[in-house]
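Notes for the structure review
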Amino acid sequence: MKKLTLLLVLTSFVVSAQKNFQKGYLINTRKDTIKGLIDYQEWKKSPLSINFKENNLPTEKTIVPQDIISFTIEGVETYVSKTFEYEKLPRNFTKSSFGTLTDYAKRTKDMKSQSAFLRLLSDGNINLMTFIDSDDEEHFLIEKDKELTTLIFHVVGISNNATDLNQYRNQLQNVLEAKCKTLYTEMVPYKATALKNLIDNYNGCVDSKKVENFEQDEGRFQFGVMAGLSTSTSPYISRLNVAENAPWFYTPVVGVVLNYVFARERGKVAIQNEIQNYRFETKYAIIGSTYNTLYTFDKTYIGVNNMIRYSFVVNKPSVYMLAGISNLFEVSDKSYKQLIGFGSGDKREIEVIEPKYKPGLIFGMGSAWDKFGIEARFSLITALTTFDNFTGLKKEISIVGKYYIKK
């Protein structure tokens, strides 16, 4: 057990330390452009430092916000170095509760000073940047005429009711120039997409350039097909009340896949959804004193699988683990029993009526390269049995290949 724990710890350390160097460049405090490779982790939280390799130099350096003005992952996104203040007021009205709006206005502000790399969403007359803190709360900042402003948005409880305080809308309206004040800020939500569209439109209104680097915030769907082979065994109780496993049987697997890959963090986290066939086919005999009974189970199910997939390695090929549930719905039952050694050998109906729905658990590991993938899985599903009071678990091992039509 200690060896297994140590192995898991070492594995976690190795995969968490994985590097992903991409072409990019820095602009240092002297405004020099330095090209090289940047360890791009598609950060969900705003980075406080980055790793950089200058072209033609083997050594890797750690860069902090005080060292540079900005850095860019070529063709992807730009981060700017800023030091700023923001109020740390949790956007949870149960944690940030006030009796009245007057009490809120008189609150003692918990101001945080922060140096970080902020992702640049729009660049022009007004720059729009985003900062995501250690609690995954997002804060937006704008910069105009070299003046940096943190946009204020709070969700607080007023008399036990959740109240949105949208001061940022007034802040935005105050910085818009007269000829562009027709831009609609009254109902703009405190979200990256909406704020970027507003600032892009404003920058276009005053004929400034725009930077398009926002696509990384969008999740994506994957659609594909799967096929493979599974082998399974089911437990049963013999006449001597001994628990035994039926022989392993092999059946083909086919299905379709619809995944959702979450934005950021280089696509490490995804919801994996599948519809596939399950065929439970097994035989076993129960030995009696005067005759034996041969049970043949042949059931077909449609399975709906819902799993969480986490990629430890996201390079090509990727390596990931998955876990989730399977919901099986019976569509065909050709099961029967036969008496052997006494009486007739005719096929007879199995008396026990099983439920048409069976739940299960799935665990697995896989790898993918471009549009192709392969997975090994282990499943535990409510077992087929001839006894009402027996609650065993059917074990299944499967290998499936996947082809993603839309990656």
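Definitions and cut-offs
- Per-chain numbering applies: the sequence of each chain, read as written, is numbered from 1 onward.
- With pLDDT at 70 or above as the cut-off, local features in this predicted model cover only qualifying residues; side-chain atom pairs require 80 or more to be listed or tallied, and sums for whole chains, interfaces and linings still use all residues.
- To obtain the side-chain values, all non-hydrogen atoms of the structure were included, while hydrogens and water were left out.
- A run of DSSP states H or I qualifies as a helix once it reaches four residues; a run of E qualifies as a strand once it reaches two. Both are numbered from the N-terminal end.
- We call a residue buried when its accessible area falls under 20% of the maximum for its residue type, exposed when it is over 50%, and partly exposed in between, using a 1.4 Å probe and counting protein chains only.
- The criterion used for residue contact is that any of the two residues' heavy atoms lie within 4.5 Å.
- In this description, a nonpolar core means a group of buried Ala, Val, Leu, Ile, Met, Phe, Trp, Tyr and Cys residues linked to one another through side-chain atoms lying within 4.5 Å.
- Pairs of N or O atoms are called polar contacts if they sit within 3.5 Å, as long as, within protein, a hydrogen donor faces a hydrogen acceptor (for residues adjacent in sequence, only side-chain-to-side-chain pairs).
- In a helix, the anticipated span is given by 1.5 Å times the number of residues less one.
- Strand pairing is assigned whenever DSSP identifies at least 2 bridges connecting the two strands.
- Only C-alpha atoms enter the line fits that serve as axes; for helices the fit covers just the stretch in contact. Angles between N-to-C directions range over 0 to 180 degrees.
- By definition, a salt bridge exists where a carboxyl oxygen of Asp or Glu is found within 4 Å of a side-chain nitrogen of Lys or Arg.

All right, on to the overall build of the chain then. The secondary structure content of the chain amounts to four helices and 25 strands. Across the 407 residues in the chain, those meeting the buried criterion constitute 43%. Sequence separation of 24 or more characterises 60% of the internal contacts of the chain that already satisfy a separation of 6 or more.

Further remarks concern the environment of Lys112. By the secondary structure assignment, Lys112 is in strand β8 (residues 111-122). Owing to a relative accessible area of 34%, Lys112 belongs among the partly exposed residues under this scheme. When the C-alpha positions of Lys112 and Phe84 are compared, they lie 8.3 Å apart, and in sequence the two are 28 residues distant. Setting aside residues no more than four positions away along its own chain, Lys112 makes contact with Phe84, Glu85, Tyr86 and Lys88.

Time to look at the nonpolar core. Within the largest apolar cluster, 21 residues are counted, with the highest numbers of intra-cluster contacts made by Phe140, Tyr168, Leu172 and Leu195. Counting residues per element, the ones that place at least two in this core are β10 (138-144), α3 (167-175) and α4 (192-205). Among the elements that line this core, the one with the most residues is α4, at five residues. Residue contacts for Tyr168: discarding those within four places in its chain leaves Leu151, Ile152, Phe153, Val188, Pro189, Tyr190 and Leu195.

One can find Ser122 in strand β8. Looking at Ser122, the relative accessible area reads 0%, which means it is buried. Of the polar contacts made by the side chain of Ser122, one reaches the side chain of Asp200; its length is 2.5 Å.

Note that Tyr202 resides in helix α4. Between the alpha carbons of Tyr202 and Lys179 there is a distance of 9.8 Å; along the sequence they are 23 residues apart. Discounting chain neighbours no more than four positions away, the residues touching Tyr202 are Asn125, Ile126, Lys144, Val175, Leu176, Glu177, Cys180 and Leu183.

Take α4 next. With 14 residues, α4 should cover 20 Å at 1.5 Å per step; its first-to-last C-alpha distance of 20 Å lies within 8% of that length. Within the sequence span of α4, burial applies to Ala192, Leu195, Lys196, Leu198, Ile199, Asp200, Tyr202 and Asn203.

We now examine the sheet that holds strand β2 (residues 33-39). Pairing within the open sheet is antiparallel, and its ten strands lie in the order β4-β3-β2-β1-β5-β6-β8-β9-β10-β11. With one partner strand each, in any of the chains shown, β4 (61-63) and β11 (147-150) form the two edges of the open sheet. Here the average twist between neighbouring strands, direction ignored, is 40°. Pairing geometry for strand β1 (residues 21-28) and strand β5 (residues 68-73), over five bridges, is antiparallel. Across the sheet, residue Tyr25 finds its bridge partner in β5, namely Thr72. The sheet strands contacting α4 are β8, β9 (127-132) and β10, and the helix crosses β8 at an angle near 65°.

Further remarks concern unusual backbone geometry. Non-glycine residue Lys31 carries a positive phi angle of around 70°. Relative to the assigned elements, Lys31 resides in the loop between β1 and β2.

This structure, assessed with the given rule, holds 20 salt bridges. In this structure, Lys88 engages Asp133 in a salt bridge whose closest nitrogen and oxygen atoms are separated by 2.7 Å. With Lys88 in the loop between β6 (77-87) and β7 (97-98) and Asp133 in the loop between β9 and β10, the pair connects residues that are 45 residues apart, well separated along the chain. The same class applies to Lys88 as to Asp133, namely buried. Salt-bridge contacts for Arg377 lead to Glu375; the nearest nitrogen and oxygen are separated by 2.7 Å. By relative accessible area, Arg377 is classed as buried at 5%. Here the salt bridges do not stand alone but share partners, grouping Lys88, Asp133, Asp135 and Glu137 into one network.

Moving on, we get to the pairing of strand β19 (residues 292-313). Across 19 bridges, the pairing between strand β18 (residues 269-287) and β19 is antiparallel. By the bridge assignment for β19, Thr282 is matched with Phe297. The sheet contact formed by β19 and strand β21 (residues 336-340) spans five bridges and is antiparallel. Residue pairing in the sheet places Thr293 in a bridge with Leu339 of β21. In terms of strand pairing, β19 meets strand β20 (residues 318-333) through 14 bridges, oriented antiparallel. Counted as the bridge partner of Asn306 is Ile325 from β20.

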